[in-house]
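Structure at a glance
Listed here are the chains, written in short residue letters.
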Amino acid sequence: VHKGAEYDRSADGKDRFDDFKRAGALLGKDQENALIGFLAKHICSIYKMVEEGTDTWTKEKWIEKLTDAASYLVLLRGMIEEDVKSGDANKKAKQ
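I will try to describe carefully the structure that is included in this document. It should be emphasised that the depicted structure is a prediction, and the values quoted were computed from it without experimental measurement. (Residues numbered from 1 in each chain as written. Predicted model: local features only at pLDDT ≥ 70, side-chain atom pairs only at ≥ 80, totals over all residues. Heavy atoms only, no water.)

Quick word on the overall build of the chain
The test is simple: Note on conventions: DSSP H or I runs of at least 4 residues are helices, E runs of at least 2 residues are strands, and numbering of each starts at the N terminus. When a residue's accessible area, from a 1.4 Å probe over protein chains only, is under 20% of the maximum for its type it is buried; when over 50% it is exposed; and in between it is partly exposed. When checking whether two residues touch, look at their non-hydrogen atoms; a contact exists if any pair is within 4.5 Å.
Looking only at helices and strands, one finds five helices and zero strands in the chain. Helices (α) and strands (β) of the chain occur, in sequence order from the N terminus, as α-α-α-α-α. Counting the 95 residues in the chain, one finds 32% classified as buried. Restricting to contacts in the chain with at least 6 residues of sequence separation, those with at least 24 account for 42%.

Given below as structure tokens:
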């Protein structure tokens with residue numbers, strides 16, 4: 001992921017989910033729900049771009065927005081895989 005360093009402010013620099021954990025803590029949510037909030041913001045932006053006309057925006061801006069949204073889905077997959085591996089997925093399902 002190109003923006004890895006931007007999202008990883010953990011002490012050891014090895015936690016790609018650090019910003020999502022921090023955002024979740026601020027909101028009283030888990031990292032997955034925080035990520036969905038970030039993704040929703042991007043989807044709203046893409047929706048606005050479509051409403052305003054696809055030819056209004058540069059190819060570079062489309063690539064940036066769509067790649068960012070796709071990256072959030074890849075990060076969500078990583079979070080879910082981490083939860084399943086650690087057994088946290090079952091705990092969350094029971095909440």
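Still more to cover.
Examining helix α3 (residues 31-52)
Rule in force here: Expected helix span is taken as 1.5 Å per residue step, with the number of steps being one fewer than the number of residues.
Compared with an ideal rise of 1.5 Å per residue, which puts 22 residues at 32 Å, α3 spans 32 Å between its outermost C-alpha atoms and is within 8% of the ideal. Downstream of α3 by a residue or two, G53 has a phi angle that is positive, lying close to 110 degrees.

Let's talk about the environment of L35
Here L35 lies in helix α3. By relative accessible area, L35 is classed as buried at 0%. Sequence-wise, L35 and L76 are 41 residues apart; in three dimensions their C-alpha atoms are separated by 7.2 Å. Residue contacts for L35: discarding those within four places in its chain leaves F20, Y72, L75, L76 and M79.

Points about the packing of aromatic side chains
Put simply, the rule is: Any two of the Phe, Tyr and Trp rings considered here, Trp counted by its six-membered ring, make a pair once their centres fall within 6.5 Å; the pair's planes then place it as stacked at under 30 degrees, edge-to-face at over 60, or tilted in between.
Summed over all chains, the structure comprises three aromatic pairs. When the centroid spacing of 6.0 Å and the interplanar angle of 85 degrees are considered together, the rings of F20 and Y72 count as edge-to-face. Of this pair, F20 sits in helix α2 (residues 18-27) while Y72 sits in helix α4 (residues 59-86), and the two are 52 residues apart along the sequence. Aromatic ring contacts, followed pair by pair, group F20, F38 and Y72 into a single cluster.

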